[in-house]
Amino acid sequence: MEKMPKWADVVLIPVISLLLAAIISAIVILLIGESPMEALDLMVTGALGSTYGWGYTLYYATNFLFTGLAVAVAAHAGLFNIGGEGQAMIGGLGLAIVCLYIPFPHWSIALMVAAVGAGLFGAAWAAIPAYLQAKRGSHIVITTIMFNFIAAAVLNYMLVSVLKPKGAMDPATAKFPETAQLPSLHEILAPLGIEFSKSAPANVTLFVGLAACVVIWGLIWHTPLGHEIRALGKSERGAVYAGISPVRTVMITMLISGALCGLMATNNVMGEAERLVLNATEGAGFIGIAVALMGRNHPFGVFLAAILFGFLYQGGAELALWTNIPSELIVVIQALVILFTGALDNMVRIPIEKIFLAFRKENA
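Under the annotation held in an unreviewed UniProt entry, the protein carries the name ABC transporter permease and is attributed to Tritonibacter scottomollicae. According to UniProt, the comment filed for the protein under the heading Subcellular location (unreviewed entry) is "Cell membrane".

Q: So, the packing of aromatic side chains: which residues are in play, and what are the values?
A: Tallied over the full model, the rule gives 7 aromatic pairs. An aromatic cluster of at least three residues, connected via ring pairs, comprises Tyr52, Tyr56, Tyr59, Tyr60, Phe64 and Tyr313.

Q: Describe in detail the state of the cysteines, supporting the description with residues and values.
A: Enumeration according to the criterion identifies 0 disulfides in this entry. Sulfur of cysteine 99: no disulfide; nearest cysteine sulfur belongs to cysteine 261 and is 19 Å away. Judged by its relative accessible area of 1%, cysteine 99 is buried. Cysteine cysteine 261 remains unbridged, with the sulfur of cysteine 213 as its closest cysteine sulfur at 14 Å.

Q: So what's going on with the packing of helix α3 (residues 51-76) against helix α14 (residues 299-322)? Which residues, and what values?
A: The geometry of α3 relative to α14 is characterised by a closest axis approach of 7 Å and an angle of 135° between their N-to-C directions. The angle between the axes of α3 and α14 places the two elements in the oblique class. Between α3 and α14 the crossing geometry is right-handed. On α14, the residues that touch Gly53, Tyr56, Thr57, Leu58, Tyr60, Ala61, Phe64, Leu65, Gly68, Leu69 and Ala72 of α3 are Pro299, Val302, Phe303, Ala306, Ile307, Phe309, Gly310, Phe311, Tyr313 and Gln314.

Q: How would you explain the environment of proline 129 if you had to name every residue and give the values?
A: Its location among the elements puts proline 129 in helix α5 (residues 107-136). Along the chain, proline 129 and histidine 139 lie 10 residues apart, while their C-alpha atoms are 8.3 Å from each other.

Q: Residues and numbers for the side chain of asparagine 63, please.
A: Considering the arrangement of structural elements, one finds asparagine 63 in helix α3. Contact partners of asparagine 63, with chain neighbours within four places excluded, come to Met264, Asn267, Asn268 and Ala284.

Q: Tell me about the pattern of salt bridges, and please be specific about residues and values.
A: In the structure shown here, the tally under the stated rule is 5 salt bridges. For arginine 296, the salt bridge identified is with aspartate 9, shortest N-O distance 3.3 Å. Taken together, the positions of arginine 296 in the loop between α13 (284-294) and α14 and aspartate 9 in helix α1 (residues 6-31) put the pair 287 residues apart, joining distant regions of the chain. Residue classification places arginine 296 among the buried positions, given a relative accessible area of 19%. Close ionic contact of glutamate 228 with arginine 248 constitutes a salt bridge, the shortest N to O distance being 2.7 Å. Taken together, the residues glutamate 228 in helix α9 (residues 224-234) and arginine 248 in helix α11 (residues 246-263) connect sequence positions 20 residues apart. Through salt bridges with shared partners, one network takes in Asp9, Arg296 and Arg349.

Q: Explain helix α12 (residues 265-273) to me, using residue names and the numbers behind them.
A: Counting buried positions along α12 yields 8 of 9 residues, so the element is predominantly enclosed. If you check which residues of α12 are buried, you get Ala265, Thr266, Asn267, Asn268, Val269, Met270, Gly271 and Ala273. Against α3, α4 (84-101), α5, α8 (205-222) and α11 lie the buried residues of α12. Of the residues flanking the end of α12, it is glutamate 274, one or two places downstream, whose phi is positive at about 60°.

Q: Account for the environment of valine 10, with residues named and values stated.
A: Within the secondary structure layout, valine 10 lies in helix α1. Since its relative accessible area comes to 41%, valine 10 is described here as partly exposed. As for valine 10 and histidine 298, which are separated by 288 residues in sequence, their C-alpha atoms are 9.4 Å apart.

Q: Talk me through unusual backbone geometry; I want residue IDs and the actual numbers.
A: Leaving glycine aside, a negative phi is the common case for residues, and trans is the common case for peptide bonds. For glutamate 282, which is not glycine, the phi torsion reads 50° and is therefore positive. Inspection of the secondary structure puts glutamate 282 in the loop between α12 and α13. Among the residues examined, glutamate 282 registers a relative accessible area of 43% and is labelled partly exposed. Of note in the backbone geometry, asparagine 297 takes a positive phi value of approximately 60° without being a glycine. Its place among the elements puts asparagine 297 in the loop between α13 and α14.

Q: Residue-level account of a nonpolar patch on the surface, with values.
A: Taken together, the side chains of Ile23, Ile24, Ile27, Leu31 and Ile32 make up a nonpolar region of the molecular surface, amounting to roughly 470 Å² of accessible area. Tracing the chain through its elements places leucine 31 in helix α1. Classification of leucine 31 as exposed rests on a relative accessible area of 71%.

Q: Can you tell me about the environment of alanine 153, naming the residues and giving the values?
A: Mapped onto the elements of the fold, alanine 153 is located in helix α6 (residues 140-163). Sequence separation between alanine 153 and tryptophan 125 is 28 residues; the distance between their C-alpha atoms is 13 Å.

Q: Which residues make up the nonpolar core, and what values go with them?
A: Here is a general trend for soluble globular proteins: nonpolar side chains tend to be buried in one another's company. Among the nonpolar cores identified, the biggest contains 64 residues, and Phe64, Leu69, Ile216, Leu260, Val291 and Phe309 are the most heavily contacted of them. Per-element tally for this core: the top contributor is α3, with 12 residues. Here leucine 69 is in contact with Gly209, Ala212, Cys213, Ile216, Leu260, Pro299 and Val302, once residues within four sequence places are set aside. Counting residues in hydrophobic clusters, the runner-up holds 28 residues, among them Ile90, Cys99, Leu155 and Leu159.

What counts, and where the lines are drawn
Residues numbered from 1 in each chain as written. Predicted model: local features only at pLDDT ≥ 70, side-chain atom pairs only at ≥ 80, totals over all residues. Heavy atoms only, no water. UniProt positions renumbered as here; feature names shortened; annotations may be inferred. Phe/Tyr/Trp six-rings, centres within 6.5 Å; stacked < 30°, edge-to-face > 60°. Disulfide = S-S within 2.5 Å. Buried < 20%, exposed > 50% of the residue type's maximum accessible area, 1.4 Å probe, protein only. Axes fitted to C-alpha atoms, helices over the stretch in contact; angles between N-to-C directions. Helix = DSSP H or I, 4+ residues; strand = E, 2+ residues; numbered from the N terminus. Parallel < 35°, antiparallel > 145°, perpendicular 65-115°, else oblique. Left-handed = near helix turned anticlockwise from the far one by under 90°. Contact = heavy atoms within 4.5 Å. Salt bridge = Lys/Arg side-chain N within 4 Å of Asp/Glu carboxyl O. Patch = residues over 30% accessible without salt bridge, like charges linked within 9 Å, V, L, I, M, F, W, Y side chains within 5 Å. Areas by Shrake-Rupley, 256 points an atom, 1.4 Å probe, with all protein chains shown as cover. Core = buried A, V, L, I, M, F, W, Y, C linked by side-chain atoms within 4.5 Å.

As structure tokens, this is what we get:
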């Protein structure tokens, strides 16, 4: 028998964790002499009060959606893919090579081919740690962390020594051709008579991310491969007894996870910057871990958590711009959300479980 209802695990515990993070954040804001209510109002207005704010919130959320799904897929197999940052960097490199060296007649074709390139590069970067885990027993956390640093070095070399246009000073590629530039939400919604900010970076890849949610949901819960992934995550010995190959399943799972991280480049590289730059990932690979944890590794939960962290990023930027709250404190607020929804999850979970168990005994 489950210790508590499913809704309590999916909804109640994350809500309580968020409230605790909000209370601690409010106390910290009070201690520096600012008003928590004014700060909250500014965050909500800046992130959700206009199409411009929504455009940035959805842009950040799209990044976190891809990396959150990547972490979630790996988690179902009992793997902790902490290398999303590096996989997204290398995915961006694959996408940039496709966009710069292959001519396209239309952005839609460019998006499909570039997505394949980004996914393949991201998957390839995840394949090496996956092989080391599956065949050599090297822990996936250690190898994926190491590969984040290697990816950063590879990207730096490629941008400085190979892909940077002659005469350019900044380490970045040339701008992608017009036929490889994606339409923004403004351009998509304008023919429908819906006004949306021209300046906001949200673009068509938002719908790619939503499609990825549906595909991953179908894969994990409605395919034989998904059954194998979940079986391995529950018990490796049980999976072997059922005839499931751990090596094969680990490799396939990490390839899917790496490909999802690579796909993030369709948003931040192809959709927003329209060229590849250093630090294009902006920490989204690591935020994806918190998004997956908060979303309970379910695609719908990951989507909601991605929206929340998109709100925190955009709202935090507004706070840093219009108040005396230092930008470092914005990071602290974001870290508190991660802390309570991830590392301190059991601090909330255990008391809630005891309450539900006690309630059942009284009604037995």
